Amino acid sequence: MGILEGKKILITGVLNDQSLAFGAAKLAQEQGAEIVLTGVGRGLSITQRTARKLPITPEVLELDITNPDHLDAVKSHIASKWNKLDGILHSIGFAPSACLEGDIFNAQWSDVSVALEVSAYSLKALVEGMLPLLITAGTSSVVGLDFDATVAWPGYNWMGVSKAALESLSRYLARDVGKHKIRVNLISAGPVKTIAAKSVSGFNAFETLWGDRSPLGWSLTDSEPVAKAIVAFLSDWFPATTGEIVHVDGGYHAMGA
Ligand SMILES: NC(=O)c1ccc[n+]([C@@H]2O[C@H](COP(=O)([O-])OP(=O)(O)OC[C@H]3O[C@@H](n4cnc5c(N)ncnc54)[C@H](O)[C@@H]3O)[C@@H](O)[C@H]2O)c1
């Protein structure tokens, strides 16, 4: 029996089969979960195609996280399908190119506000939108994906600032939904080659650096360690953990040089 047997889980952020959320969706199904995916805009049809690569083809709902009507529609659909949600994976990030190029002065508020809304505020919007379904489950788990925001990275710029906001937000959310037995945790993942990663100009710098410095080693093409941590947090095996950030990065964060 899998550790997610009987659980109903909403998984955002599957674009293609390299998406971190794809590995999590596959493992979640293997561990017994029923899942629904979401896709957005022009990527929606790619998500639908990618969904067919999973062991069981799940439903794909349209969700632009900045659109309250989409959030309402997803909530209503899941309410009539399952009437509860045991877990949510927030695997959403986007920043306009001005936020990811040059130095920190390169982007203006019109771009920065998009990065912050889609990559940080969206966690609050998602939890708020699905709150009644999470409460109905009795106990539930929300997991988000972070990239260590305690230091500055090459090229990450305003996405790094957005991740710092996400880290802080996860703690405030954990504070305010704990009374409903909803846990909110982040996985701080090492670099993995995905579509989102391609838009980070400094990403190539990680290629040798990460593998060399991480005591456990690190592969930029293997998202399974991240998927396993996500599934563990969606399971009942961290019942007293919330507001936490767990590094799944080969141990890179703990090394000084
Ligand atoms: N790849 C890495 O190295 C890495 C490392 C740490 C954390 N992360 C984080 O993991 C998460 C997933 O990214 P990924 O690397 O799998 O890349 P990805 O490109 O496969 O996934 C990003 C997802 O965000 C979704 N998205 C963008 N704008 C959206 C919107 N307005 N509404 C709804 N969804 C939207 C996209 O559709 C896509 O599915 C992101 O939060 C990213 O910052 C990635």
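Residues numbered from 1 in each chain as written. Predicted model: local features only at pLDDT ≥ 70, side-chain atom pairs only at ≥ 80, totals over all residues.

Draft legend 1. Summary view of the packing of helix 1 (residues 20-30) against helix 8 (residues 224-234). For the pair helix 1 and helix 8, interaxial distance at closest approach is 8 Å and the crossing angle is 55 degrees. Of the possible angle classes, the one that applies to helix 1 and helix 8 is oblique. The element helix 1 and its partner helix 8 pack so that their crossing is right-handed. Residues Leu20, Gly23, Ala24, Leu27 and Ala28 of helix 1 form the contact with helix 8, whose own contacting residues are Glu224, Val226, Ala227, Lys228, Ile230, Val231 and Leu234. Across the contact of helix 1 with helix 8, the residue classes break down as 9 nonpolar, 1 polar and 2 charged. (Axes fitted to C-alpha atoms, helices over the stretch in contact; angles between N-to-C directions. Helix = DSSP H or I, 4+ residues; strand = E, 2+ residues; numbered from the N terminus. Parallel < 35°, antiparallel > 145°, perpendicular 65-115°, else oblique. Left-handed = near helix turned anticlockwise from the far one by under 90°. Contact = placed C-beta atoms within 7 Å. Nonpolar A, V, L, I, M, F, W, Y, C, P; charged D, E, K, R; others polar.)

Draft legend 2. Representation of the environment of Leu209. Among the structural elements, Leu209 can be located in helix 7 (residues 206-213). On the basis of neighbour counts, which here come to 14 C-beta atoms within 10 Å, the residue Leu209 falls in the partly exposed class. With 46 residues separating them in the primary sequence, Leu209 and Met255 have C-alpha atoms 12 Å apart. (Buried ≥ 20, exposed ≤ 12 C-beta atoms within 10 Å, placed from the backbone.)

Draft legend 3. Focus on the site of the ligand. In the vicinity of the ligand there are 28 residues, among which Ser19, Gly93, Leu145, Thr194 and Ala196 approach most closely. Within the residue set of the shell around the ligand, elements represented by two or more residues are helix 1, strand 5 (140-146) and helix 6 (195-198). A total of 3 residues in the shell around the ligand trace back to one element, the largest contributor, which is helix 6. Grouping the amino acids of the shell around the ligand by side-chain chemistry returns 18 nonpolar, 8 polar and 2 charged. (Near = placed C-beta within 6 Å.)

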